[in-house]
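Working through the structure, step by step
One letter stands for each residue in the lines below.
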Amino acid sequence: MTGPEALSIIDQLLEQHQHGTLKTIQVAIVLQVWKRDSYQEIGSELGYEPEYVKKVAAQLWRLLSELVGKKVCKSNLCSMLENYQRSLTITDWGEAIDVSLFYGRQAELETLEDWIIASRCRLVGIFGWGGIGKTALAVKLAQRFESQFEYVVWRSLRHAPILNDLLAELLAIFTASSEGLTSIGIERSRTDAQVRKSLLGLLMKQLRAQRCLLVLDHVESILQQADARCSYLSGYEDYGEMFDRISAERHQSCTILTGREKPQGIMQQEGVNLPVRSIQMAGISIAAAQHILIDKGLESPQFDRKELIHYVGGNPLMLKLVATTVQNLFSGNIMAFLTEGTGVFSNLQDLFAQQFDRLSPLQQQVMYWLAINREGVTLARLKAEFLPAITVPILLEALETLKDRSAILLCRRCANETTDRGLTQQPAMMEYVTDRLIQEIDLEIIAGELELFRTHALLEPQAQDYIRAAQIQLILQPLVDRLLTHFTTRASLEQQLNSIYNALSHQPQEIIGYAEENLLDIFDCLQTDFPGGIAHHVSIHS
């Protein structure tokens, strides 16, 4: 709450109880007290003796005490007015979570405060990877600024409510009755579109008449899965119309959206100096993450905790999940957990899978290639690796979306380097994508139906020796081991590989893709002779 806003509340109190208005010196005292100035400083600023200022202030404190029913003084003026304003706010927290334990995010809170309170943004988006803390931040934000609004309403879109149902529910809260809905409800001949138009019109009227804070959580639930453009689900396109009107029309309220993806249309309307803005959440700070691990009971050396924080990219939920695994299976030994590697963080599988499944096929291909490369890869190299070939604009669009979703990272240059190292993934994500790639290719080989096996190399052709060694250890060998568990004998596996080779030998090179090289690498790993016929190319593109 600002000084002018405090004055507005006091004016409302005086008017309500017919006590006139504040005198000029009282206005000045309130503004100076709000800045935490002493009576001495206020007197110097206003040109009055400190004792006179103190006397005038005391009279005002007594009056306010009578009006709010509690003692008001210089030291508690701010808190008393905020509590009074909060008591006037109508709240409906719906399915909002408890945030009594909240870690870090001070910078984000300050940015959002500036947007919502100072800049009076109409629509604010909080987007990021699953588990990154979007919902918790939105709850903390709404609680902090509850007193600045006449209404605070929280609704989850997790179960994808029909817009008309949501609008009817919101209007019942904002109007404190169903009066605004009755006239619509009795007109049975109206279509859903006509009802929606009327309901939306009533909502916008409320947002203009009253200062409302509306929070809509899990907006990704009304968006299409595996869609690069984040389009709305069929039947939910009218949400886009509502967001467009909230963004474009003049009103005094604010709507906060949280989600893993930014809805179609938001990007076109947002800007640093526009009433629509969004924040892309990254991992929490090292200091805040350390507190999470300590609260979970991990008293490991600070260096070990930092390694674990880096492993999950500072994702709060992942930290909590992994900390539980470290405690239960590794007796709190973080380095033992990190050394074990893939397969020990099964409690993260669902979280990663939910996010990965929402990516488009092209975005998934990018993720697979980043996992194969094991370290930062440049745009030019990524484009050269793609099969079938892809244009730079299409690849850039996929990369931009992945970066918006915090699925990929930019490797920054070291002090002695002049260029960035390219794009990569956080370690835990890279392990998940690698394991998923191995599983998918394993199934393709068993069925003899090749897709990823043709479009992605198990061993990157242009990789340096240390990267190639990592690819053998983390991709090729685990794949071969997995295949050997699915075939009763080594001979039966070799028979299946030979069958795949024979089928490929009748295909053009553009269909074969990386499959020939991958077969050769598997035969090498099995220490078995590769069938003759197709020459071994150093690079499929050469």
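Residues numbered from 1 in each chain as written. Predicted model: local features only at pLDDT ≥ 70, side-chain atom pairs only at ≥ 80, totals over all residues. Heavy atoms only, no water.

Section: the overall build of the chain
Counting its secondary structure elements, the chain contains 26 helices and 8 strands. The C-alpha radius of gyration of the chain comes to 30 Å, more than 25% above the 24 Å expected for a compact globule of 542 residues. Projecting the C-alpha coordinates of the chain onto the three principal axes gives extents of approximately 100 × 65 × 45 Å. Across the 542 residues of the chain, 50% fall into the buried class. Considering only contacts within the chain whose residues lie at least 6 apart along the sequence, 72% involve residues at least 24 apart. Accessible surface for the chain amounts to roughly 25700 Å². Of this, 50% is attributable to carbon and sulfur atoms. (Helix = DSSP H or I, 4+ residues; strand = E, 2+ residues; numbered from the N terminus. Rg over C-alpha atoms; globule rule 2.2 N^0.38 Å. Buried < 20%, exposed > 50% of the residue type's maximum accessible area, 1.4 Å probe, protein only. Contact = heavy atoms within 4.5 Å. Areas by Shrake-Rupley, 256 points an atom, 1.4 Å probe, with all protein chains shown as cover.)

Digging into the packing of helix α1 (residues 3-16) against helix α4 (residues 50-68)
As a packed pair, α1 and α4 sit with axes 11 Å apart at the nearest point and diverge in direction by 70°. Viewed along their axes, α1 and α4 adopt a mutual orientation that is roughly perpendicular. Considering only the axes of α1 and α4, their crossing is left-handed. Seen from α1, the contacting residues are I10, L13 and L14; seen from α4, they are L63, L64, L67 and V68. The residue inventory of the contact of α1 with α4, partitioned by class, reads 7 nonpolar, no polar and no charged. (Axes fitted to C-alpha atoms, helices over the stretch in contact; angles between N-to-C directions. Parallel < 35°, antiparallel > 145°, perpendicular 65-115°, else oblique. Left-handed = near helix turned anticlockwise from the far one by under 90°. Nonpolar A, V, L, I, M, F, W, Y, C, P; charged D, E, K, R; others polar.)

Some words on the side chain of N373
Its place among the elements puts N373 in helix α18 (residues 361-373). You can call N373 buried: its relative accessible area is 3%. Engagement of the side chain of N373 in a polar contact is seen with the side chain of E385, the distance being 3.1 Å. Beyond its immediate chain neighbours, meaning those up to four positions away, N373 contacts R381, E385, E460, I467 and Q471. (Polar contact = N/O pair within 3.5 Å; in protein donor to acceptor, adjacent residues only side chain to side chain.)

Re the sheet that holds strand β4 (residues 212-217)
The strand order β1-β3-β4-β5-β2-β6 describes an open sheet built from 6 strands, whose pairing is parallel. Two strands lie at the open edges of the sheet, namely β1 (90-92) and β6 (276-280), each paired on one side alone. On average, adjacent strands in this sheet sit at an angle of 15° to one another, irrespective of strand direction. Pairing between β1 and strand β3 (residues 151-156): 3 bridges, direction parallel. Along β3, the bridge assignment pairs I90 with Y151. (Pairing = 2+ DSSP bridges.)

Some details on helix α6 (residues 106-118)
For α6, with 13 residues, the first-to-last C-alpha span of 17 Å sits near the 18 Å given by 1.5 Å per residue. Those residues of α6 that are buried are in contact with α1, β2 (123-127), α7 (134-144), β5 (254-259) and β6. Where α6 ends, the next residue or the one after it, R120, has phi of about 55°, a positive value. (Expected span 1.5 Å × (residues − 1).)

Notes on the packing of aromatic side chains
With the rule as written, the count across this model stands at 10 aromatic pairs. Consider the rings of Y151 and F174, whose centres lie 5.4 Å apart with planes at 85°: the pair is edge-to-face. Residue Y151 is found in strand β3, and its partner F174 is found in helix α8 (residues 163-174); the two are separated by 23 residues along the sequence. Both residues of the pair, Y151 and F174, belong to the buried class. (Phe/Tyr/Trp six-rings, centres within 6.5 Å; stacked < 30°, edge-to-face > 60°.)

Considering the pairing of β2
For β2, the tally of buried residues reaches 5 of 5 residues, placing the bulk of the element in the interior. Pairing of β2 with β5, which is carried by 5 bridges, proceeds in the parallel orientation. Residue pairing for β5: L123 is matched across the bridge by T255.

With respect to unusual backbone geometry
Cis geometry marks the peptide bond from L387 to P388; its omega dihedral reads -10°. With respect to the element layout, P388 can be found in the loop between α19 (379-385) and α20 (392-404). A positive phi angle is found at R105, which is not glycine, with a value near 70°. Within the fold, R105 resides in the loop between β1 and α6. The residue S331 is not glycine, and still its phi comes out positive at about 55°. Considering the arrangement of structural elements, one finds S331 in the loop between α15 (316-330) and α16 (334-340).

Some thoughts on the environment of T89
For T89, the position within the fold is in the loop between α5 (77-88) and β1. When the C-alpha atoms of T89 and R211 are compared, they prove to be 10.0 Å apart, with 122 residues separating the residues in sequence. Excluding its chain neighbours within four sequence positions, the residues that come into contact with T89 are E146, S147, F149, E150, Y151 and V152. One polar contact links the side chain of T89 to the main-chain carbonyl oxygen of E146, over a distance of 3.2 Å. Separated by 2.7 Å, the side chain of T89 and the backbone oxygen of F149 make a polar contact.

A short note on the nonpolar core
Of all hydrophobic cores here, the largest spans 78 residues; its most connected members are V366, M367, F453 and I522. Counting residues per element, this core draws most heavily on helix α21 (residues 427-447), which supplies 9 residues. Among all residues touching M367, those that are not within four sequence positions of it are F356, L359, L402, A407, I408, Q425, M429 and V433. (Core = buried A, V, L, I, M, F, W, Y, C linked by side-chain atoms within 4.5 Å.)

Quick look at the packing of α1 against helix α2 (residues 24-34)
For the pair α1 and α2, interaxial distance at closest approach is 9 Å and the crossing angle is 135°. Accordingly, the angle class assigned to the pair α1 and α2 is oblique. Both α1 and α2 take part in a crossing whose hand is right-handed. Only V27, V30, L31 and W34 of α2 make contact with α1, whose side of the interface consists of G3, P4, A6, L7 and I10.

Some remarks on the confidence of the model for the chain
Predicted confidence across the chain gives a mean pLDDT of 87, with 92% of residues reaching 70 or more. When the criterion is pLDDT under 50, residues 533-542 qualifies, and its contacts beyond four places in sequence or with other chains add up to 24 contacts. (pLDDT = per-residue confidence, 0-100.)

Topic: the pattern of salt bridges
What the rule picks out here adds up to 14 salt bridges. D238 is paired through a salt bridge with R196; the nearest N and O atoms lie 3.6 Å apart. Residue D238 is located in helix α11 (residues 238-248), and its partner R196 is located in helix α10 (residues 192-209); the two are separated by 42 residues in the primary sequence. A salt bridge links E261 to R358, with the nearest nitrogen and oxygen atoms 2.6 Å apart. Residue E261 is found in the loop between β5 and α12 (266-269), and its partner R358 is found in the loop between α17 (349-357) and α18; the two are separated by 97 residues along the sequence. Of the two residues examined, E261 and R358, each falls in the buried class. Among the charged side chains, a salt-bridge network with shared partners connects D92, R155 and E169. (Salt bridge = Lys/Arg side-chain N within 4 Å of Asp/Glu carboxyl O.)

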